[in-house]
Amino acid sequence: MNTAAQHTEAEPLLRLEGLKTYYPIRKGILSRVAGHVKAVDDVSFHIQDGETLGLVGESGCGKSTIGRTIIRLEASTEGKIWYQGNDISAYPSGKMKSLRTQMQMVFQDPSSSLNPRLRIKDILAEPMLVHRLIEKGQAEAEVERLLDMVGIPRSYKNRFPHEFSGGQRQRIGIARALSVKPKLIVCDEPVSALDVSIQAQILNLLKDLQKELGLTYLFIAHGLGAVKYISSRIAVMYLGKVVEVGTKEQIFSSPKHPYTQALLNAYPVPDPRLRNEARIVMEGDVPSPANPPSGCRFHTRCPLATALCKEQEPVLSGDSHMSACHYPLA
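## Some words on the packing of helix α3 (residues 120-130) against helix α4 (residues 139-150)
Okay, so step 1: At a closest axis distance of 9 Å, the pairing of α3 and α4 adopts a crossing angle of 105°. When the interaxial angle is binned, α3 and α4 end up roughly perpendicular. On α4, the residues touching Ile120, Lys121, Leu124, Ala125 and Met128 of α3 are Ala139, Glu142, Val143, Leu146 and Leu147.

## Some points on the packing of α3 against helix α5 (residues 166-178)
Okay, so step 1: Their axes nearest at 8 Å, the elements α3 and α5 cross at an angle of 25°. Considering the angle they form, α3 stands roughly parallel to α5. As α3 runs across α5, the sense of the crossing is right-handed. Between α3 and α5, the contacting residues are Ile120, Ile123, Leu124 and Pro127 on the first element and Ile172, Ala175 and Arg176 on the second.
Okay, so step 2: Tallied by class, residues from the contact of α3 with α5 come to six nonpolar, no polar and one charged.

## Notes on the state of the cysteines
Okay, so step 1: Counting across every chain of the model gives zero disulfides.
Okay, so step 2: Looking at Cys61, it has no disulfide partner, and the nearest cysteine sulfur is the one in Cys296, 14 Å off.
Okay, so step 3: Taking relative accessible area as the criterion, Cys61 reaches 3% and is therefore assigned buried.
Okay, so step 4: In this structure Cys325 is not part of a disulfide, and its nearest cysteine sulfur, from Cys309, lies 6.4 Å away.

## Some details on the confidence of the model for the chain
Okay, so step 1: The predicted model of the chain has a mean per-residue pLDDT of 91, with 94% of residues at 70 or higher.
Okay, so step 2: Taken element by element, the chain is modelled with least confidence in helix α2 (residues 93-99), mean pLDDT 88, and with most confidence in strand β3 (residues 52-56), mean pLDDT 98.
Okay, so step 3: Note on residues 1-8: pLDDT under 50 across the span, and 14 contacts to partners over four residues away in sequence or across chains.

## Here we look at the nonpolar core
Across soluble globular proteins, you tend to see nonpolar side chains buried next to one another.
Okay, so step 1: In terms of nonpolar packing, the biggest core is built from 52 residues, with Leu124, Ile174, Leu178, Ile185, Leu206, Leu209 and Phe219 touching the most fellow members.
Okay, so step 2: The element that contributes the greatest number of residues to this core is α4, accounting for six residues.
Okay, so step 3: Beyond its immediate chain neighbours, meaning those up to four positions away, Leu178 contacts Leu146, Met149, Val150, Ile185, Leu209, Leu213 and Leu215.
Okay, so step 4: Judged by nonpolar contacts, the second largest core, of 33 residues, contains Leu19, Val43, Ile81 and Val186.

## Side note on the environment of His222
Okay, so step 1: Checked against the element boundaries, His222 lands in the loop between β8 (216-221) and α7 (224-230).
Okay, so step 2: In this structure the C-alpha to C-alpha distance between His222 and Pro127, which are 95 residues apart in sequence, comes to 30 Å.
Okay, so step 3: Contact partners of His222, with chain neighbours within four places excluded, come to Val56, Gly57, Lys63, Glu189 and Ser192.
Okay, so step 4: For His222, the side chain forms a polar contact with the side chain of Glu189, separated by 2.9 Å.

## A word on helix α6 (residues 196-213)
Okay, so step 1: The first and last C-alpha atoms of α6 sit 26 Å apart over 18 residues, in line with the 26 Å expected at 1.5 Å per residue.
Okay, so step 2: Every buried residue of α6 is listed here: Ile202, Leu203, Leu205, Leu206, Leu209 and Gln210. For α6, the angular spread of buried residues about the axis comes to 155°, placing them on one side. Exposed side chains of α6 directed beyond 90 degrees from the buried face belong to Val196, Asp208, Lys211 and Glu212.
Okay, so step 3: Those residues of α6 that are buried lie in contact with β3, α4, α5, β7 (184-188), β8 and α7.
Okay, so step 4: Looking at the residues trailing α6, positive phi occurs at Gly214, about 70°.

Criteria and thresholds
- Residues numbered from 1 in each chain as written.
- Predicted model: local features only at pLDDT ≥ 70, side-chain atom pairs only at ≥ 80, totals over all residues.
- Heavy atoms only, no water.
- Axes fitted to C-alpha atoms, helices over the stretch in contact; angles between N-to-C directions.
- Helix = DSSP H or I, 4+ residues; strand = E, 2+ residues; numbered from the N terminus.
- Parallel < 35°, antiparallel > 145°, perpendicular 65-115°, else oblique.
- Contact = heavy atoms within 4.5 Å.
- Left-handed = near helix turned anticlockwise from the far one by under 90°.
- Nonpolar A, V, L, I, M, F, W, Y, C, P; charged D, E, K, R; others polar.
- Disulfide = S-S within 2.5 Å.
- Buried < 20%, exposed > 50% of the residue type's maximum accessible area, 1.4 Å probe, protein only.
- pLDDT = per-residue confidence, 0-100.
- Core = buried A, V, L, I, M, F, W, Y, C linked by side-chain atoms within 4.5 Å.
- Polar contact = N/O pair within 3.5 Å; in protein donor to acceptor, adjacent residues only side chain to side chain.
- Expected span 1.5 Å × (residues − 1).
- Arc of directions from axis to C-beta.

Written out as structure tokens, the structure is:
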């Protein structure tokens, strides 16, 4: 992929170049490496300062692995991660610690991401104290400020995580991410475990915080409704690859990749008159990332595939609306 074509006048806040994250498959008594699970395989995209990039795809396509690799919770196998013009992909742990205040993550499961043995005030104060952003005497006031920002009553600060609902725990997770005043937040399916009405509240909270604090989001999800609501641009993933990138208007009104169209076709439309008659239906199961198909990885499930798709891998190309397909739809 020609990453130079992605550059705009302003340097992106975050830019990935050929990112790969592989996990070894070990077999035998000696645990020799017999292959690799290619969770993320040659992914490139960028996020501008202050925007929200939605990352969408089926479960197991590598979305969460990308988020964890960006934050350096997972080690990349190859490729570059550029943050504010600096290549952070090979930063040692000591140098990454100072960068943790710039990049934070909101996890999918708010229950398991909060320490059940700590009170909320200690969960929120700990990151600020570890990074020496505040003195111990300032912790109480800072905790109350964070609770105000996410809509949790100050009087709840002495409670434990199990005393809160799922939506409240996710608000606390967001407050913890905000405690170190980051610029970039990776939201790893932050609403998928919540009721629909609570999802809307959390999405509105994220949008309000972005507007107030100038935050930048990588919003990972498999629900198209949430991605459409919060994102300014969307990247579509399939089996470790990004197959399409565009504005949310481009993705939802004129998708180029058959996989994107298939995802949209699977999205329920309440008014039958608005349903797209030119439906693309996926067949079969997602191939194994340990042994991905040759050529276009989607060809085993694509009704439009030809011999070319089986033999030659398409390149992600285009200007503002990019796709990796030999026969784009639009």
